[in-house]
Amino acid sequence: MGETSVRTVTRFAPSPTGSLHIGGAHTALFNYLWAKRGGGVFILRFEDTDRARSSIIYEESILRDLTWLGIAPDQVAARQSERGSRYAEVLAGLAALGAAYPCFCSHSGAGEGRVEEARDPCRGLPHDERRGRMSAGEAHCWRFAVPEGDVFFTFRDRLRGDMTLRTDSIADFVLARGDGSHTYLFAVVVDDHDSGVSHVIRGEEHLSNAPKQELIYRALGWSAPEWVHIPMILDNERHKLSKRGGAISIGSYRDAGWLPGALISYLATLSWSRAPADRISTPLALARAFDVDAVALVTPVHDEERMRHFGRLSVADVPLEDLFGCLGVLTQNTGTASGPSPDMLLLIGEMRPACATIDDLKASVALSLAAPEGGGAFPGADPEWIGDLAKRLYDIPREDWESESIKNCMRSFQKEREIKGRDFYHALRLKITGRGEGPPLALIMSCLGRTATMERISGAPPDASLLPN
Ligand SMILES: [Zn+2]
């Protein structure tokens, strides 16, 4: 069957038992990209079979994070907890087909398929005995009767090709527990089928579920989706990423000033080597180029340094005026009613190439304008010319206080007094910032404003009452 004859429907199906983290966002992204590539639908579904640990707060935060990343779902499917009657209906259908049977063993409900032998003794019980024990109220779970006709069972993973295993290696797994609840394994099949899911793109930790789920599809006469099990992201010590390290949650990155474009562009490169590495891409632009067959089966390693590379690209993409807006209270005295001063924008432009996040930018702009520690960290005595320079700078009218005029003033003073350029500017920079290096000094002085600059040079404004700003 050709790809074009089936509408592409993908889903991301997290458990609402925690925040969205890097690994989940990666899976969600690939589902989004493949759906959009095919002009299809991307569904979000909360698998809340673990009622005790599931929370609507996590549902809301996962949806909020996906939306913030720019990969909001087209639909939010019903929760598994709301679909018990539908699962029961499908289970009854399987039982009628002879593909499911009640199991009365004491291990019933203890777990999913944790039996020593592949075939459960209850599989062979006569029909009448089953009916009698059930109507007598005997506790039981429901098991899937794995077909035994063939020695081998083959299913296909799109990235791995045909996968074959011995039929007798698949135990008669549990579909419904003793308490009437349905297993995750079974519920997923019914949900995916009912939503018309065409491609199940999920982490490879689910690969072992695929043959069992494929068997359920076949027993019901439903066409199975294409299985696409993508590699799991590991940390740089090649351990599974864990929620315990809170820094990997999408929300914590957002709170730390990361831009969504950086995270999306970075995540796209994990397992998809053709994703652009030299620019920030929108999810839709990525979708146009995405090919699920190009996903490599190499385990990707979460690499913060690589992510910072995309962070710097993302900050570089933001207009300077918008970055100024993000800096907030930090720069409230450096703009005018009509917006930031041109020098403030120049300063932001100077600082941003090294910044991966908005918080980085805030910190580096703040640092570049920070007063020397202890009020004036000038080593030794002030140069004898410092008072005269202060007077000359003070002669610059307030409305002309910008980097060009400051620079010209300093240059002519330095030439007149025949001070070596390096000594002059180094001494002045230390006096004003307490640091030996940083952005152009005239730019800092302009952004600080005349009053603050005077205070730092001479300890106090020449005549504070005359200085309006
Ligand atoms: Zn049994």
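Note that this is a predicted model, so its numbers are computed, not measured.

Parameters at a glance
- Residues numbered from 1 in each chain as written.
- Predicted model: local features only at pLDDT ≥ 70, side-chain atom pairs only at ≥ 80, totals over all residues.
- Helix = DSSP H or I, 4+ residues; strand = E, 2+ residues; numbered from the N terminus.
- Buried ≥ 20, exposed ≤ 12 C-beta atoms within 10 Å, placed from the backbone.
- Contact = placed C-beta atoms within 7 Å.
- Pairing = 2+ DSSP bridges.
- Axes fitted to C-alpha atoms, helices over the stretch in contact; angles between N-to-C directions.

**Student:** Would you explain the overall build of the chain in this entry?
**Tutor:** For the chain, the helix and strand inventory stands at 18 helices and twelve strands. Taken across its 469 residues, the chain has 37% of its residues classed as buried. Expressed as a percentage of contacts within the chain between residues at least 6 apart in sequence, the contacts between residues at least 24 apart total 75%.

**Student:** Sorry if this is basic, but what is going on with the sheet that holds strand β5 (residues 141-144) here?
**Tutor:** Note on sheets: strands pair through backbone hydrogen bonds, and any given pair is parallel or antiparallel. Strand order in the open sheet formed by three strands is β4-β5-β8, with antiparallel pairing between adjacent strands. Looking along the sheet, the strands with just one partner apiece sit at the ends: β4 (100-103) and β8 (174-176). In this sheet, neighbouring strand axes are inclined to one another by 45° on average, regardless of whether the strands run parallel or antiparallel. Where β5 and β8 come together, two bridges link them in antiparallel fashion. Looking at β8, one finds that R143 is bridged to V174. Sheet strands touched by helix α3 (residues 84-96): β4, β5 and β8. Its angle to β4, the strand with the most contacts, is close to 100°.

**Student:** Is there a simple way to think about the environment of S405 in this case?
**Tutor:** For S405, the position within the fold is in helix α15 (residues 403-416). Taking C-alpha positions, S405 is 8.6 Å from A442, a pair spaced 37 residues apart along the chain. Filtering out sequence-adjacent residues up to four positions away, S405 remains in contact with I396 and D400.

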